[in-house]
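For reference, the chains in residue letters:
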Amino acid sequence: MSERLSRLAAIVRADFLIRLRRPSTAIIFLLLSASAYLWVPAPSTGKCLIQVNGHRALYDSAAIGMATAMLGTIFIGLAGFYVVSNAIRRDVLSRCGYVIASTTMRGSEYLAGKFAGNVVFLTVFMSGFMLASMSMLIVRGEAPLQPLVFITQYLLLVPPVIVFVSALAILFECTPGLRGKFGDVVYFFLWAGSAGAAASLIDRPNPPVWPRYIDFTGLGFSMHQLGDTLHTQSVSIGASSFDASKPTIVFPGLHFEWAWAGPRIVSTLAPILLLVVARLFFHRFDPARLRAAAAATKRTWIGRFNAMAKPLARFVLALIPRGGSGSLLDAARADAVTTVAAFPLAIVGVFGLAIAALASDAHGLLTGVMPLAYAACAIAVADISCREQRAGTSALVFAAPHLRQRFVAWKFLTSMLVAAAFLAVPIVRASILRPDAALPLVVGLAFTCAAATLLGIVSANPKTFIVGFLTFWYVATQDKGATASLDFAGWFGKATPAVIAAYAGLAMLCLAAAAAYHARVLRARW
Amino acid sequence: MLRITDVSKRFRSGNYGVRDLSFEVRGGVLGLLGPNGAGKTTLMQMIATVTKPTAGSIFFRDEDVVAKPDALRRRLGYLPQDFGVYDNLTALEFLNYFAALKGVRSRTKIQETLELVNLHQVANRAVGGFSGGMKQRLGIAQALINDPDLVIVDEPTAGLDPEERVRFRNVLSDIGMGRLVILSTHIVSDVESIATEIAIMREGALVALAPPEELMRRAKGSVWEVVVSSEKFDELRRTLHISSAVRKSSGVQARIVSPFPPVPLATPVEPTLEDAFLFTMRNGEGRNGAATAPTNAAAVA
């Protein structure tokens, strides 16, 4: 093996092992596998995996393979980015990057290694998910497992999105202004806005050919083949209602097609060009360039707005209790105020959401403003329960009254206070317009904060929650209330008392699990 | 061995990290002393080819490091300040990773390096559970894995307990044979016993470059010891350079760096390197006013 290949292999191996051993990887894998379980419901529930003109598709390798491959594609596109978008940042923070910069390794070699590391990790992750999905055939299958048919579905759909996300993550990490939390938010809206764009162009009558070449998610390819083989547009995939009186059909699955060979290969390879752009911005750990990039970030429009909003932080800081009783609530209030003061632009967001809530009717408020407000709130509370671990200040807070033993309660309370800043006006307004909406909204909020607390404490990383929640949020908003169990905050008025109780129970379960984990950590390390 | 000529590093903000710095050193351990913000780290980063100087030249064994950094990079070991590790890797995996990046394939070499820093018995433990000292030793292991001719270590003892500091010092002393080791610190005692040359920096400029004994010789006659009352000590502290102070039942025993007797009862004492550092910081000539007669080093500007 040449020296360059050996270096490339070393980067891939190290990145793979680092990610594989993170608790957040196991959590995300379990969440994804659990969502596959919901995605493939038992027909006895009145729902099925694939419905075609009211007919239920038989649960065989083609049907489960294609549907879970599509779910995996959505996951890689949305969550995969967050999972792999810290490869270069890790080397900056640990300063291992300086050592790398002092070796003969070229910048392009390093980026190629990091890109290959992303691809390998996501491929192995998806392979694991594919195996977990195969096991669905044992649980709910109605035909014997055909591994080759199953694997074909994944091979036809997943590779372009893996390469696209891997390359885009490198580009974002190299580009000043797109590194960090702001880039994370930009990517989410970029992906949510563009995921179905190519598919919708391909699905038109007399579609142009070029969108096939940028169909990274494979949705356009899937829709094209489904339309060709099933001769209908009435197809729904994933926990869909069906007519039990109609006979079950055998779904043929996706198959190789010469006309699509070129587009699928191009959409797999084209994202590699993003690495060329990334190389232009890559700092090669030069401290002078890193310093300049940090200054440039402050000069971005969000940095400028944040600086302009700084005076607002002074008013917020005035809310910190001075010489209070030292109660848990005081500590939570101080923590919440500090959270908002650290990013004053959030205050503008709070006012913006309040104005939008007051200006909307009940429907617009619940289905438009609320999902946005919950997403903003989730991003704001994501790092509350893990920032001490990340900053190495756990010992400081554990020395304060109450906080060591009641850390979980403190962090949950802080999250609820920050969330209340975002959602108080919208929830009050919604309660006036639709009194029955109040309870599910509050329960949904508590569930969000409890999940953020658990995932932050366990994984010591805000991205785990952001990834999990935004994926869930995306599915819930796309579902538009068709599935009552996904209407966790009652935005679409479909949350039944059982659903509300279930999310309240889940919130309590999250907090109990976080408390148990924290107690274990205290015993082991503190 | 290492020749630095008129090197400057100017940041985009217009501030200088290092300005018009020149010196030359041969082998041994070069201790780089100076307060925070003196430019030690920037200088080391330039020598380590992590960042380029905005002016001047750096030659290592007569090869231009700025124009052709790869020649040095093959023979370089670098431990940056506040070096972190990948918590989820074992010590062996971590070292294997850096060995591969530096083109080292010998498994024996990796094992030997782990033994050198006394981590061979915990080679298969995740480094996330290591103490600060163990992590620093792993850091020095990665710097030594390619058997470098030039080793650069930036503030390696910060945050270590006294025992680990001594252990780390011994490792650096051992590896200083036959190669050049540049060790930056603001803790004078870290370099006192192992440095063959001391470079003192202030505000991006070289204040002095000389062997430790030469620096101490220059400070001779300018270091005084006196026992004074607490009130008097507070007064002296405001006007003079106190090198050290010990509270005793009779008052405060203070070492004072001053060109003249600071108080009538002050007695002259032999300077330590700490005293010499304070003396040089106060009396050094600054930019290009480096050592007067170094034995193993020469100011070239």
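Residues numbered from 1 in each chain as written. Chains lettered and ligands numbered in written order. Predicted model: local features only at pLDDT ≥ 70, side-chain atom pairs only at ≥ 80, totals over all residues. Heavy atoms only, no water.

Draft legend 1. Quick look at the overall build of chain A. Scanning chain A for helices and strands turns up 24 helices and three strands. Taking 526 residues into account, the globule formula puts the C-alpha radius of gyration at 24 Å, and chain A, at 24 Å, falls close to it. With the C-alpha coordinates aligned to their principal axes, the bounding extent of chain A is approximately 70 × 65 × 45 Å. For chain A, the proportion of its 526 residues judged to be buried stands at 54%. Contacts in chain A between residues far apart in sequence, at least 24 positions, make up 80% of those at least 6 positions apart. Carbon and sulfur atoms make up 70% of the accessible area of chain A, which totals about 22100 Å². (Helix = DSSP H or I, 4+ residues; strand = E, 2+ residues; numbered from the N terminus. Rg over C-alpha atoms; globule rule 2.2 N^0.38 Å. Buried < 20%, exposed > 50% of the residue type's maximum accessible area, 1.4 Å probe, protein only. Contact = heavy atoms within 4.5 Å. Areas by Shrake-Rupley, 256 points an atom, 1.4 Å probe, with all protein chains shown as cover.)

Draft legend 2. Expanded view of a nonpolar patch on the surface. A contiguous nonpolar surface patch, about 460 Å² in accessible area, is contributed by V209(A), W210(A), Y213(A), I214(A) and V266(A). In this structure, V266(A) sits in helix α11 (residues 258-269). (Patch = residues over 30% accessible without salt bridge, like charges linked within 9 Å, V, L, I, M, F, W, Y side chains within 5 Å. Salt bridge = Lys/Arg side-chain N within 4 Å of Asp/Glu carboxyl O.)

Draft legend 3. Inspection of the interface of chain B and chain A at higher detail. Each side of the interface is counted separately: chain B has 34 residues, and chain A has 34 residues. Surface buried jointly by chain B and chain A totals about 2900 Å² across both partners, of which 60% is contributed by carbon and sulfur atoms. When the buried area of chain B at its contact with chain A is split by residue, Y86(B), N88(B) and L101(B) rank highest and sum to 22% of it. For the pair chain B and chain A, the number of links is two salt bridges. (Buried area = accessible area lost by both parts, 1.4 Å probe.)

Draft legend 4. Focus on the side chain of K40(B). Residues and elements named next belong to chain B. Residue placement: K40 occurs in helix α1 (residues 40-47). Using a relative accessible area of 4% as the deciding quantity, one classes K40 as buried. Leaving out residues up to four positions away in the same chain, K40 has contacts with L32, L33, G34, P35, E155, S184, T185, H186 and M201.

Draft legend 5. Local environment of the sheet that holds strand β12 (residues 241-248) of chain B. Residues and elements named next belong to chain B. Read across the sheet, four strands follow the order β12-β13-β11-β14 without closing on themselves; strand pairing throughout is antiparallel. What marks the edges here is a single partner per strand, and that holds for β12 and β14 (267-268). Relative to β14, strand β11 (residues 223-228) is paired through two bridges, and the arrangement is antiparallel. Bridge assignment links W224 to a residue of β14, and that residue is P268. (Pairing = 2+ DSSP bridges.)

Draft legend 6. Representation of the confidence of the model for chain B within the structure. Chain-level pLDDT for chain B is 88 on average; 94% of the residues reach the 70-or-more range. Reported confidences for the modelled complex are a pTM of 0.84 and an ipTM of 0.87. (pLDDT = per-residue confidence, 0-100.)

Draft legend 7. Expanded view of the sheet that holds strand β3 (residues 235-241) of chain A. Residues and elements named next belong to chain A. With respect to topology, three strands assemble into an open sheet ordered β2-β1-β3, the strand pairing being antiparallel. In this open sheet, the two strands that pair with only one neighbour each are β2 (55-56) and β3. In the sheet, strand β1 (residues 47-52) pairs with β3 via five bridges, with the strands oriented antiparallel. Considered in β3, the bridge of Q51 is made with S236.

Draft legend 8. Just the nonpolar core, in detail. Ranked by internal contacts, the top residues of the largest apolar core, which has 241 residues, are M370(A), Y374(A), L441(A), L43(B), I140(B) and I182(B). It is helix α7 (residues 147-174) of chain A that provides the largest number of residues to this core, a total of 17 residues. Setting aside anything within four residues of it in sequence, one finds L441(A) in contact with L366(A), M370(A), Y374(A), I427(A), A430(A), A489(A) and W491(A). Of all hydrophobic cores here, the second largest spans 12 residues; its members include W224(B), V226(B), L240(B) and I242(B). (Core = buried A, V, L, I, M, F, W, Y, C linked by side-chain atoms within 4.5 Å.)

Draft legend 9. The domain arrangement of chain B, seen in detail. The domain boundaries assigned to chain B delineate domain 1 (2-75 + 148-217 + 277-298) and domain 2 (221-269). The distance between the C-alpha centroids of domain 1 of chain B and domain 2 of chain B comes to 31 Å. (Domains from an automatic or database assignment.)

Draft legend 10. Quick look at the side chain of D184(A). Residue and element names in this part refer to chain A. If you trace the backbone, D184 turns up in helix α8 (residues 180-194). Nearest to the buried, unbridged D184 among oppositely charged side chains is K463, at 4.1 Å. Beyond its immediate chain neighbours, meaning those up to four positions away, D184 contacts F81, Y82, S85 and K463. (Lys, Arg positive; Asp, Glu negative; His and termini not counted.)

Draft legend 11. Representation of the domain arrangement of chain A. All names here are of chain A. Taken domain by domain, chain A holds domain 1 (3-250 + 258-286) and domain 2 (300-525). Each of domain 1 and domain 2 was reduced to a C-alpha centroid, and the two centroids are 28 Å apart. The contact between domain 1 and domain 2 buries some 1900 Å² in all, and 78% of this surface belongs to carbon and sulfur atoms. Taken together, domain 1 and domain 2 are joined by zero salt bridges. Summed over the shared surface of domain 1 and domain 2, the number is one residue pair in polar contact (both at pLDDT 80 or more). When contributions to the side of domain 1 that touches domain 2 are tallied by element, the ones reaching two or more residues are α2 (23-39), α3 (61-84) and α8. Each residue belonging to the side of domain 1 that touches domain 2 can be placed in one class, and the counts come to 16 nonpolar, four polar and four charged. (Polar contact = N/O pair within 3.5 Å; in protein donor to acceptor, adjacent residues only side chain to side chain. Nonpolar A, V, L, I, M, F, W, Y, C, P; charged D, E, K, R; others polar.)

Draft legend 12. The arrangement of the packing of α2(A) against α3(A) in detail. All names here are of chain A. Between α2 and α3, whose axes approach to 11 Å, the crossing angle comes to 150°. The angle between α2 and α3 places the two elements in the roughly antiparallel class. Handedness of the crossing formed by α2 with α3: right-handed. Between α2, through I28, L32, S35, A36 and W39, and α3, the contact on the second element is made entirely by A67, T68, L71, F75 and V83. Considering only residue class, the contact of α2 with α3 consists of eight nonpolar, two polar and no charged. (Axes fitted to C-alpha atoms, helices over the stretch in contact; angles between N-to-C directions. Parallel < 35°, antiparallel > 145°, perpendicular 65-115°, else oblique. Left-handed = near helix turned anticlockwise from the far one by under 90°.)

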